[in-house]
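Listed here are the chains, written in short residue letters.
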Amino acid sequence: MNLRFLFSKTKEEEKLLTIYKEYQWFIDNNFPIVLPKFYAEIYRKNKNDKKLFAKELSIELNKIYNKNDYQLKSEKAKNNWQKIEQAFFNALDNFTFNVRDKYICYVSLYGPEGQFKYPDTVNLRISNAKDIEEANEIIAHELIHLLIYSKAKKLGLDYKQTEGIVDLFLTETKLKAIFPRYGLQSVAIHDEKLFRKIK
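Definitions and limits used
- Residues numbered from 1 in each chain as written.
- Predicted model: local features only at pLDDT ≥ 70, side-chain atom pairs only at ≥ 80, totals over all residues.
- Heavy atoms only, no water.
- Core = buried A, V, L, I, M, F, W, Y, C linked by side-chain atoms within 4.5 Å.
- Buried < 20%, exposed > 50% of the residue type's maximum accessible area, 1.4 Å probe, protein only.
- Helix = DSSP H or I, 4+ residues; strand = E, 2+ residues; numbered from the N terminus.
- Contact = heavy atoms within 4.5 Å.
- Salt bridge = Lys/Arg side-chain N within 4 Å of Asp/Glu carboxyl O.
- Axes fitted to C-alpha atoms, helices over the stretch in contact; angles between N-to-C directions.
- Parallel < 35°, antiparallel > 145°, perpendicular 65-115°, else oblique.
- Left-handed = near helix turned anticlockwise from the far one by under 90°.
- Nonpolar A, V, L, I, M, F, W, Y, C, P; charged D, E, K, R; others polar.
- Pairing = 2+ DSSP bridges.
- Phe/Tyr/Trp six-rings, centres within 6.5 Å; stacked < 30°, edge-to-face > 60°.
- Lys NZ or Arg CZ within 6 Å of the ring centre and 35° of its normal.

A.B. asks: Could you give me a rundown of the nonpolar core, with the residues and numbers involved?
C.D. replies: Among the nonpolar cores identified, the biggest contains 60 residues, and Phe 5, Tyr 39, Trp 81, Phe 88, Leu 124, Leu 143 and Phe 169 are the most heavily contacted of them. Here this core takes 11 residues from helix 5 (residues 129–155), the largest share from any one element. Setting aside its immediate chain neighbours within four residues, Phe 169 contacts Leu 92, Phe 95, Phe 97, Ile 144, Ile 148, Leu 175, Phe 195, Ile 198 and Lys 199.

A.B. asks: Just give me the short version of the pattern of salt bridges, but keep the residues and values in it.
C.D. replies: Tallied over the entire structure, the rule returns eight salt bridges. Lys 11 is paired through a salt bridge with Glu 14; the nearest N and O atoms lie 3.2 Å apart. Taken together, the residues Lys 11 and Glu 14, both in helix 1 (residues 9–28) and three residues apart, mark about one turn of the helix. A salt bridge links Glu 60 to Lys 63; its shortest N-O distance comes to 3.2 Å. Placement of the pair is Glu 60 and Lys 63 together in helix 3 (residues 50–64), with a separation of three residues, close to one helical turn.

A.B. asks: Tell me about the packing of helix 1 against helix 3, and name the residues and values.
C.D. replies: In the contact formed by helix 1 and helix 3, the axes pass within 10 Å of each other and the chain directions differ by 140 degrees. Taken as axis vectors, helix 1 and helix 3 run oblique relative to one another. For the crossing formed where helix 1 meets helix 3, the hand is right-handed. The segment helix 1 lies against helix 3, with Lys 9, Glu 12, Glu 13, Leu 16, Leu 17, Tyr 20 and Lys 21 engaging Lys 50, Phe 53, Ala 54, Leu 57, Ser 58, Leu 61 and Asn 62. Here the residues of the contact of helix 1 with helix 3 sort into seven nonpolar, two polar and five charged.

A.B. asks: Give me the lowdown on the pairing of strand 3 (residues 114–117), citing residues and values where you can.
C.D. replies: Strand direction decides the pairing type here: strand 3 and strand 4 (residues 121–125), joined by four bridges, are antiparallel. Its bridge partner lying in strand 4, Phe 116 is registered against Val 122. The turn joining strand 3 and strand 4, which pair antiparallel and follow one another in sequence, is formed by three residues.

A.B. asks: Kindly report on the sheet that holds strand 2 (residues 102–108), identifying the contributing residues and their values.
C.D. replies: The sheet built from four strands is open, its strands ordered 1-2-4-3 with mixed pairing. Each edge of the open sheet is held by one strand with a lone partner, namely strand 1 (2–6) and strand 3. Averaged over neighbouring strand pairs, the angle between their axes works out to 25 degrees when direction is ignored. In the packing of helix 5 onto the sheet, the strands contacted are strand 1, strand 2, strand 3 and strand 4, and the crossing angle to strand 4 comes to about 155 degrees.

A.B. asks: Can you explain the environment of Val 34? Please cite residues and give values.
C.D. replies: Summarising the element assignment, Val 34 is placed in the loop between helix 1 and helix 2 (39–45). For Val 34, a relative accessible area of 26% gives the class partly exposed. If sequence neighbours within four positions are ignored, Val 34 has contacts with Leu 109, Tyr 110, Gly 111, Arg 125 and Ser 127.

A.B. asks: Break down the pairing of strand 1 for me, with residues and values.
C.D. replies: Of the two faces of strand 1, only the one carrying Leu 3 and Phe 5 is buried; Asn 2, Arg 4 and Leu 6 on the other face are not. Alignment of strand 1 against strand 2, held across five bridges, turns out to be parallel. Paired with Leu 6 across the two strands is Tyr 106, which belongs to strand 2.

A.B. asks: So what's going on with the packing of aromatic side chains? Which residues, and what values?
C.D. replies: According to the stated counting rule, one finds 20 aromatic pairs in the structure shown. Pairing Tyr 20 with Tyr 43 gives two aromatic rings, centres 5.6 Å apart and planes at 65 degrees, and the pair type is edge-to-face. Here Tyr 20, found in helix 1, pairs with Tyr 43, found in helix 2; they are 23 residues apart in sequence, far enough to count as distant. Each member of the pair Tyr 20 and Tyr 43 is classed as buried. When the ring of Trp 25 is compared with that of Phe 26, the centres are 5.4 Å apart and the planes differ by 75 degrees; the resulting orientation is edge-to-face. For Phe 26, a relative accessible area of 4% gives the class buried. Aromatic rings pair up to connect Tyr 20, Tyr 23, Tyr 39, Tyr 43 and Phe 53 into one cluster. One residue, Lys 11, lies across the ring of Tyr 106, its end atom 4.5 Å from the ring centre.

If you want it as structure tokens, here you go:
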């Protein structure tokens, strides 16, 4: 098993463009998200013109993008993850997951703490010391999303139910020994019956 940590200005720009489509949802739901200082203003000015938004985003991101900052934070996250990676996957041995040989972790300074893209990609925000400290939990959380994705989809689970299942994996399995401080999300529905169906 290998989690490959990557970053690039192009990927960061793509992520910020993806957030453009979801931005109002993040605001309406008071969802914790980190964005560049210029983001809200160019969104407000170009709310109905994605092409112009993308052009201004590219210009502004070019002004602030610092490859060394991404490199340092990516290395810290990678080194911390490698310390627990084997134990993480070993803790899941009793489950019938289709674990891939390789996964990708795109490191970003922006967005929510973590996101996933099926079948093999984790997006990790590491904009500050707290993010780096919690990176292993976020990576594990998103990897579990990837591992249960097909089963959750087959069962027709919604966002809150799926988040609840992920929480239960981190608190009700051997993973709790690796992540003893992991806290249940208040937005999630923690349903033991659904959890048993996924396991």
